[in-house]
Amino acid sequence: MQQQPDSTTLLSDYWLADKVTDKANVFDWLKLQRAVANFVKIVSGRDIPVEFQYHNDKSSIDKIIISSDLSNIDATVGLAVHETLSFIYSYRWCLSKIVTLLTDDYLSARHEKFASLAAGERYKYKNTIRSEIEGIHHLIEFWRLDELAIRTSPGYKGYILASYNKLFNPNLTIELLNWQRNNYYRISYFYLFFCQVAESEHYQELIDVLVLRSQVEAKQELYDQLKSLIRIRDISRLENSEDSLKLAVLVWELIDRYATTVLPEGLVPEKDATGGSLDNEPASLEESEAESFANEYFSSAALNIAKQSIPTDRKEDIRTLFSNTLPSEHYTLYDNRKIRVVVLKEMTRDLIYSGKYPFFETENVHATENAVVEGIRLGKQLARKIAFRNDRRETRFSRLEKGKIDKRLLHTVAVGNQVIFYENREESFPSVNFHLSIDGSHSMSGNCFRQSLKTAVAIAQAADLTKNIRITISFRYHAMNHLSTLPLVLIAYDSKRDKLSKIKQLFRFLKATGPTPEGLCYSTITDLMEVEKNELSENYFINLYDGMPAFIIDDDCVYEGPPAIEHTREEVMRMKRRGIHILSYFIVSEKWKAREVRETFEKFRYMYGKDAEMINLDALGELAKSLNRLILSSGIHAF
């Protein structure tokens, strides 16, 4: 018999980077939220938001609420699938039919004591019965919709099974059934109904958890009748919620015939004057616990399941990150380790003022603002130099075998000439995609960073005024992840999506700080460029930086020296194999000595290739000439 998978073989391990989740790691919560959102979208066909439990939030058709508990992620996914299917495919209105069913005549015919009850007791009695039928109906709906999900997407089986195991406490179940083995009270019968799930071809693994084989003997007759009535292996015969409700009523009537004692005040056995049960058999479980279990059982059936709430500060972090990080996470391999790379897909005011990232400065931004203004001015000058890219040229090709008739050649038909056609062909410059990435490490702070920023802004401004040039500007930073540091790529500007006003308004808040992730970010940048790749365009990665890789991931993994240089070289070669041209510029710092510059530049060219250049960013014309020379060498026209 197949056993429930242990913590080392969870299904979520296939899409979680780390098997050990960390409550202090906001990225683990973010990963879970995005993954569950994908599952919800698949089963519903809709973009239904997924949020963590906060205070008294409840799931609905407009929003699925999940627990922030990271200890059983498979069960969290399974419950989200449950709830999504229920809200999409269940008819809530049909439960109102239970009220019309539970008339005084109907209940008097089933229980002689009902007619003698006072009005208040009748009301409690009807509510008890209504809750029982609703609980049965919700579970039948679960089984019907679960079967639909597993039939259409077999991969969901493990998640749904995990949710069943978590929602129904196995230890309490065993104690409860032991206590009521020979006392045929209602809770035991209703749980026997739930045990029918073990007869399903999908959930036979639950037999061991429910201890069904050892506990069903005394109730075998009822169990067999329930099995014949429910036919859980053929549950797909139920086409909608009304069919489920009809079956729920039949199941309740069958159980009710066996459970002859119905107590208006609850679902626990009556007590004698001494406080013991009426048959004087000592209870191994407190009656209050049994009542609590009954409430938990029916609450679970009605989707009112307690979920762990997320702390307020974490809720704000996730809200900010969820809207600014890419749906799919990125990783790079280094030192036989899979290292997460954080990607912030959009720089917004909320992100800047969240206070969560050290590379944003909201005060004393005058110098950076001046660099942005100067970059805009220089960009307009640069645009005039490359204005020819906006031109189109039309060439007439004559003496063709097909096309339009060239009237000037008609007279040659008499002497057998058949190539009398022409065609006009329009030529224009191919599109160019630039991904300009700037090293945001601390060594770049000051003039280097401001000049790099000015250069990036100038190229963005020139691209905005020129046809067929798209530019993406990214910064390589870091993010703290509780016990480790992660490389981070900030997509600050994308000309395909953003207006130039974004640069004018937000770039002044950027600053250089932290370590140098360098090659750790390149695998992700390559993937991002691949998404936007076009057969008719040329793709260029432009890199501006001033030092060697230096990044401490954690106590056991340091990214520096020869291993980091080799890793960066491998990532650069990977870019080139993908058809991406590399334009890398080493920024010379005034404080460096000539020997240091020479030695560093040798390593720099080893990483980036022979086209790597040393540059003085104070002269924008130097960069323009360099770009022009390298782009022309690839056979296209540019500035």
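Every value quoted in this text rests on a predicted model; they were computed, and no experiment measured them. (Residues numbered from 1 in each chain as written. Predicted model: local features only at pLDDT ≥ 70, side-chain atom pairs only at ≥ 80, totals over all residues. Heavy atoms only, no water.)

### Looking at the side chain of Gln461
Part 1 of the reasoning: As for its placement among the helices and strands, Gln461 is situated in helix α17 (residues 447-464).
Part 2 of the reasoning: Using a relative accessible area of 3% as the deciding quantity, one classes Gln461 as buried.
Part 3 of the reasoning: The contacts of Gln461, once residues within four sequence positions are left out, are Ile376, Gly379, Lys380 and Leu500. (Helix = DSSP H or I, 4+ residues; strand = E, 2+ residues; numbered from the N terminus. Buried < 20%, exposed > 50% of the residue type's maximum accessible area, 1.4 Å probe, protein only. Contact = heavy atoms within 4.5 Å.)

### Some remarks on the side chain of Asp498
Part 1 of the reasoning: If you trace the backbone, Asp498 turns up in the loop between β10 (484-494) and α18 (501-506).
Part 2 of the reasoning: At 3.3 Å, the side chain of Asp498 forms a polar contact with the side chain of Lys502.
Part 3 of the reasoning: Ignoring anything within four residues of it in the chain, the contact list for Asp498 reads Glu346, Ala492 and Tyr493. (Polar contact = N/O pair within 3.5 Å; in protein donor to acceptor, adjacent residues only side chain to side chain.)

### Regarding the nonpolar core
Part 1 of the reasoning: Grouped together as the largest cluster of nonpolar side chains are 114 residues, with contacts concentrated most on Phe193, Phe475, Leu490, Phe507 and Leu510.
Part 2 of the reasoning: Per-element accounting of this core gives the leading share, eleven residues, to helix α5 (residues 119-152).
Part 3 of the reasoning: Those residues in contact with Leu510, other than ones at most four positions away along the chain, are Met347, Phe359, Phe360, Thr368, Phe449, Leu453, Phe475, Tyr477 and Leu490.
Part 4 of the reasoning: Formed by 23 residues, the second largest nonpolar core is a distinct cluster that contains Val343, Tyr545, Ile580 and Met607. (Core = buried A, V, L, I, M, F, W, Y, C linked by side-chain atoms within 4.5 Å.)

### A word on the packing of helix α1 (residues 26-44) against helix α2 (residues 73-89)
Part 1 of the reasoning: Two elements in contact, α1 and α2, have axes separated by 9 Å at closest approach and are oriented at 35 degrees. Where α1 crosses over α2, the handedness of that crossing is right-handed. On the side of α1, the interface is formed by Leu32, Val36, Phe39, Val40, Val43 and Ser44, while α2 contributes Ile73, Val77, Ala80, Val81, Thr84, Leu85, Ile88 and Tyr89.
Part 2 of the reasoning: Tallied by class, the residues present in the contact of α1 with α2 amount to twelve nonpolar, two polar and no charged. (Axes fitted to C-alpha atoms, helices over the stretch in contact; angles between N-to-C directions. Left-handed = near helix turned anticlockwise from the far one by under 90°. Nonpolar A, V, L, I, M, F, W, Y, C, P; charged D, E, K, R; others polar.)

### Details of the sheet that holds strand β4 (residues 337-344)
Part 1 of the reasoning: Overall, mixed pairing links the eight strands, which are arranged β3-β4-β10-β9-β8-β11-β14-β15 in an open sheet. Among the strands making up the open sheet, the edge pair consists of β3 (330-334) and β15 (613-615). Here the strands of the sheet are splayed against their neighbours by 30 degrees on average, with no regard to which way each runs.
Part 2 of the reasoning: Bridge count for strand β14 (residues 580-587) against β15 is three bridges, and the pairing is parallel. Note on β15: the bridge partner recorded for Phe586 is Met614.
Part 3 of the reasoning: Its contacts with the sheet put helix α19 (residues 522-531) on β3, β4, β8 (431-439), β9 (469-481), β10, β11 (537-545) and β14, and the angle it makes with β11 is roughly 155 degrees. (Pairing = 2+ DSSP bridges.)

### Observations concerning the packing of α5 against helix α12 (residues 241-258)
Part 1 of the reasoning: Contact pair α5 / α12: the axes reach a minimum separation of 8 Å and the direction vectors enclose 130 degrees. The orientation of α5 with respect to α12, classified from their angle, is oblique. The way α5 lies across α12 gives a crossing that is right-handed. Contact residues: Ile129, Glu132, Ile133, Ile136, His137, Ile140, Glu141 and Arg144 in α5; Ser241, Ser244, Leu245, Leu247, Ala248, Val249, Val251 and Trp252 in α12. (Parallel < 35°, antiparallel > 145°, perpendicular 65-115°, else oblique.)

### Some points on the environment of Arg508
Part 1 of the reasoning: Residue position: Arg508 is located in the loop between α18 and α19.
Part 2 of the reasoning: Exposure remark for Arg508: the relative accessible area of 19% places this residue in the buried category.
Part 3 of the reasoning: Separated by 135 residues in the primary sequence, Arg508 and Val373 have C-alpha atoms spaced 9.5 Å apart.
Part 4 of the reasoning: Beyond its immediate sequence surroundings of up to four residues, Arg508 is in contact with Arg349, Glu361, Val365, Thr368, Glu369 and Val372.
Part 5 of the reasoning: A polar contact is formed between the side chain of Arg508 and the backbone oxygen of Gln505, at a distance of 2.7 Å.

### A few points about the pairing of β11
Part 1 of the reasoning: Within β11, eight of the nine residues are buried, which leaves it mostly tucked inside the rest of the structure.
Part 2 of the reasoning: In terms of strand pairing, β8 meets β11 through eight bridges, oriented parallel. Bridge pairing in β11 places Phe434 opposite Tyr540.
Part 3 of the reasoning: Relative to β14, β11 runs parallel, the two being bridged by seven bridges. Across the sheet, residue Leu544 finds its bridge partner in β14, namely Tyr585.

### Focus on the pattern of salt bridges
Part 1 of the reasoning: By the definition in use, this model includes 21 salt bridges.
Part 2 of the reasoning: Note that Lys97 and Glu242 form a salt bridge whose closest N and O atoms lie 2.7 Å from each other. Highlighted residues: Lys97 in helix α3 (residues 96-101) and Glu242 in helix α12, separated in sequence by 145 residues.
Part 3 of the reasoning: Of the residues examined, Lys97 reaches a relative accessible area of 39% and is grouped as partly exposed.
Part 4 of the reasoning: When the shortest N-O distance is used, the salt bridge between Arg122 and Asp104 registers 3.4 Å. Of the two residues, Arg122 is situated in helix α5 and Asp104 in helix α4 (residues 104-110); the sequence distance between them amounts to 18 residues.
Part 5 of the reasoning: Among the residues examined, Arg122 registers a relative accessible area of 23% and is labelled partly exposed.
Part 6 of the reasoning: Counted as one network, the salt bridges with shared partners bring together Asp104, Arg122 and Lys126. (Salt bridge = Lys/Arg side-chain N within 4 Å of Asp/Glu carboxyl O.)

### What about the confidence of the model for the protein?
Part 1 of the reasoning: Confidence along the protein averages 75 in pLDDT terms, with 72% of residues attaining 70 or more.
Part 2 of the reasoning: Across residues 1-8 the pLDDT falls below 50, and counting only partners more than four positions away or on other chains, this stretch makes ten contacts in the model.
Part 3 of the reasoning: A low-confidence stretch, residues 170-184 (pLDDT under 50), is modelled with 39 contacts involving residues beyond four sequence positions or located in other chains. (pLDDT = per-residue confidence, 0-100.)

### Let's talk about the pairing of β9
Part 1 of the reasoning: The buried count for β9 comes to twelve of 13 residues, which makes it a mostly enclosed element.
Part 2 of the reasoning: Taken together, the eight bridges between β8 and β9 define a ladder with parallel strand orientation. Within the sheet, the bridge partner assigned to His435 lies in β9 and is Thr472.
Part 3 of the reasoning: Direction of pairing for β9 relative to β10: antiparallel, over a ladder of ten bridges. Following the sheet pairing, Ser474 is matched in β10 by Ile491.

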